[in-house]
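A closer look at the structure
In case you want the letters, here they are:
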Amino acid sequence: MSKASPSKVPTRVADPALESLFDVHEATLPNGLQVRLLANHQAPVVSLYTVFQVGSRNERPGITGISHLFEHMMFNGAKKYGPKMFDKTLESNGGRSNAYTSTDLTVYYDDFSADALETVLDLESDRMRSLRISQATLTSEREVVKEERRVRVDNDIFGLMDEELGTLVYKAHPYRWPVIGWMADIEAIRREDCQDYFRTYYAPNNAVLYIVGAIDPKKTLALVRKYYGNIPKGPAPAAVLNSEPEQKGERRAEVRHPAQSPALMLGFRGPAARDDDTFVLDVIQYVLTKGEGSRLIRSLVYEQKLAVSLMLDWSWRIDPGTILFYLALKPDSDPKKVEAALYAELEKIAREGITERELQKAQNNLRSDHLRELATNSGRAHALGHYEALLGDWRRLLTLPSTYASITNDQVKAVAAKYFAPEHRSVVTLVPAPTEA
């Protein structure tokens, strides 16, 4: 793969139209809880996101999966609102809630009518202050998570390959284990582990509240102080050390599992979210796999007919993440031939770059997807939390349109050459095995 000059730092200029929409009120309580408030009176509804700065990245061998397990535990009652009362109370007020766990974050979110704001703050502060962590609850939720792992990993081709790829791409970093955790660790997590985890990672000094919708920021902050102000601060979470060594050669593994066709999963170590190369990779991702006319879909699926489907997942992470390709192949496809075709396309981008039309199309789609997320209260709250946690400042969401618009073909070539080098790739091949009787 040819060498290219270092990429130029993308432009960061706030979009005036977005600035006018994001008059965010910020505050920090004495216990360390950070608060971000954004009024939007287009409809009498509110979204509340609670972002805890913890994910599988903060775990260790022996308790992998505890972040995801604890997400389940948080819906099983606290001191004031007992088991099943959280959802019952929220839904009786016309609201709904959900949560998700990633490598870097655990996020809880509620959507509800504006007149239920105080009730929701009471609900959320109750479980941050005094979650019930009983052995019975742990035993019950452990079985739920174990079954989830069986379905999503142990009996799922993508899940099996993704888990194997993680152990290839990372040798030292916590990203090497899956968010759901290893089965033996899930079984071994103790009630005491959960209590320590709660005191450290679910303390107010490790959380940020994002409240967006039909609110009065001054009155809302007073309510936040009322319900969250007396929750004690927790110990400072241990810093995560990124001791991942440099990859100096291709890594390979095979997965043998009952299947009708072979499959390929490839990973290239990418940058951290705050690296400027991240945004150039966003453009490359859209050029390669966004839409039926994208480069890889058109070439490998329709023209060469080597793959049945193809996806590229480039997700931002706090530490250097993974540029992941997954290709489901035809029963008679030769994985080596498919690999060669994929590498040829990646090398072509590093050598020649992309067309002006492809660049413009990717920039337009990135801008429209970004603006589409900001069209709702929930989307705005999620965006505020996502960009602050991964980029260090929620204001970065205001500059993304100009950042993408400033990216050039020379940057695309440089970044493709840098990250798609053969010595940086890890490859997992699914070898179909006979179906067990």
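Placed above this text is the structure.
Residues numbered from 1 in each chain as written. Predicted model: local features only at pLDDT ≥ 70, side-chain atom pairs only at ≥ 80, totals over all residues. Heavy atoms only, no water.

**Some remarks on the overall build of the protein chain**
Of regular secondary structure, the protein chain possesses 16 helices and 11 strands. In terms of overall dimensions, the protein chain is globule-like: its C-alpha atoms have a radius of gyration of 23 Å, near the 22 Å expected for 437 residues. Taken over the C-alpha atoms alone, the protein chain extends approximately 60 × 60 × 40 Å along its principal axes. Relative to its full complement of 437 residues, the protein chain shows a buried share of 57%. A fraction of 82% describes how many contacts in the protein chain between residues 6 or more apart in sequence connect residues 24 or more apart. Working note: accessible area of the protein chain is about 19,100 Å², and carbon and sulfur atoms make up 51% of it. Of the charged side chains in the protein chain, 55 are positive and 58 negative; the average position of the first set lies 2 Å away from that of the second. (Helix = DSSP H or I, 4+ residues; strand = E, 2+ residues; numbered from the N terminus. Rg over C-alpha atoms; globule rule 2.2 N^0.38 Å. Buried < 20%, exposed > 50% of the residue type's maximum accessible area, 1.4 Å probe, protein only. Contact = heavy atoms within 4.5 Å. Areas by Shrake-Rupley, 256 points an atom, 1.4 Å probe, with all protein chains shown as cover. Lys, Arg positive; Asp, Glu negative; His and termini not counted. Charge placed at Lys NZ, Arg CZ, Asp CG, Glu CD.)

**Describing the packing of aromatic side chains**
For the structure on display, the rule yields 21 aromatic pairs. Seen in terms of ring centroids, Phe 70 and Tyr 197 are 5.0 Å apart; in terms of plane orientation they differ by 45°. Their pairing is tilted. Placement of Phe 70 in helix 2 (residues 66-73) and of Tyr 197 in helix 8 (residues 191-201) is noted, with a sequence separation of 127 residues between them. Of the two residues examined, Phe 70 and Tyr 197, each falls in the buried class. Centre to centre, the rings of Phe 198 and Tyr 202 are 6.1 Å apart; their planes meet at 25°, and the pair counts as stacked. (Phe/Tyr/Trp six-rings, centres within 6.5 Å; stacked < 30°, edge-to-face > 60°.)

**Some thoughts on the sheet that holds strand 8 (residues 263-269)**
Spatially, five strands are ordered 7-11-8-10-9 in an open sheet, and the strand pairing comes out mixed. Two strands lie at the open edges of the sheet, namely strand 7 (251-258) and strand 9 (307-314), each paired on one side alone. The average undirected angle you get between the axes of adjacent strands in this sheet is 15°. In the sheet, strand 9 pairs with strand 10 (residues 322-329) via seven bridges, with the strands oriented antiparallel. Bridged to Met 311 within strand 10 is Tyr 326. (Pairing = 2+ DSSP bridges. Axes fitted to C-alpha atoms, helices over the stretch in contact; angles between N-to-C directions.)

**Points about the side chain of Glu 388**
Mapped onto the secondary structure, Glu 388 falls in helix 14 (residues 377-391). Engagement of the side chain of Glu 388 in a polar contact is seen with the side chain of Arg 36, the distance being 2.8 Å. Only 2.7 Å separates the side chain of Glu 388 from the side chain of Tyr 210, close enough to count as a polar contact. Other than its neighbours up to four places away in sequence, Glu 388 contacts Gln 34, Arg 36, Val 208, Tyr 210, Arg 274, Asp 393 and Trp 394. (Polar contact = N/O pair within 3.5 Å; in protein donor to acceptor, adjacent residues only side chain to side chain.)

**With respect to the side chain of Asp 122**
By the element assignment, Asp 122 lies in helix 4 (residues 117-130). Not counting the four nearest positions on each side in its chain, Asp 122 is found in contact with Lys 80, Tyr 81 and Tyr 227.

**Considering the pattern of salt bridges**
One pass over the full model with this rule turns up 32 salt bridges. Between Lys 80 and Asp 122 there is a salt bridge whose closest N-O contact spans 2.6 Å. Taken as a pair, Lys 80 in the loop between helix 2 and helix 3 (85-92) and Asp 122 in helix 4 lie far apart in primary sequence, 42 residues in all. Assessed through its relative accessible area of 55%, Lys 80 is described here as exposed. Among the residues examined, Asp 122 registers a relative accessible area of 10% and is labelled buried. Put simply, Arg 269 and Glu 244 hold a salt bridge, and the shortest N to O gap is 3.6 Å. Within this pair, whereas Arg 269 is found in strand 8, its partner Glu 244 is found in the loop between helix 9 (217-228) and strand 7, the two being separated by 25 residues in sequence. (Salt bridge = Lys/Arg side-chain N within 4 Å of Asp/Glu carboxyl O.)

**As for the sheet that holds strand 2 (residues 34-39)**
Taken together, the six strands give an open sheet; going across it, the order is 1-2-6-3-5-4, and neighbouring strands pair in mixed fashion. At either end of the open sheet lies a strand with only one pairing partner, and these are strand 1 (25-28) and strand 4 (96-101). The sheet shows a mean angle of 15° between the axes of neighbouring strands, direction not considered. With six bridges connecting them, strand 2 and strand 6 (residues 207-213) associate as parallel partners. Considered in strand 6, the bridge of Val 35 is made with Leu 209.

**Observations regarding the nonpolar core**
Counting residues in each nonpolar core, the largest one holds 69 residues, and the members touching the most others are Val 283, Trp 316, Phe 325 and Leu 327. The greatest single-element share of this core, amounting to eight residues, is contributed by helix 10 (residues 277-289). Discounting residues that sit within four places of it in the chain, Leu 327 has contacts with Ala 263, Leu 264, Leu 266, Leu 300, Ala 307, Ser 309, Leu 310, Val 338 and Leu 342. In terms of nonpolar packing, the next biggest core, distinct from the first, is built from 50 residues, Leu 29, Met 73, Leu 223 and Ile 231 among them. (Core = buried A, V, L, I, M, F, W, Y, C linked by side-chain atoms within 4.5 Å.)

**Some words on the pairing of strand 7**
Taken residue by residue, a regular strand's side chains alternate between the two faces of the sheet. Burial along strand 7 is one-sided: Arg 251, Ala 253, Val 255 and His 257 are buried, while Arg 252, Glu 254, Arg 256 and Pro 258, pointing the other way, are not. Examined bridge by bridge, strand 7 and strand 11 (residues 425-433) share eight bridges and lie parallel to one another. What sits directly across from Arg 251, in strand 11, is Ser 426.

**Regarding the environment of Lys 171**
Mapped onto the elements of the fold, Lys 171 is located in the loop between helix 6 (157-169) and helix 7 (183-188). C-alpha separation for the pair Lys 171 and Gln 247, spaced 76 residues apart in sequence, amounts to 9.3 Å.

Honestly, it's all geometry; don't read function into it.
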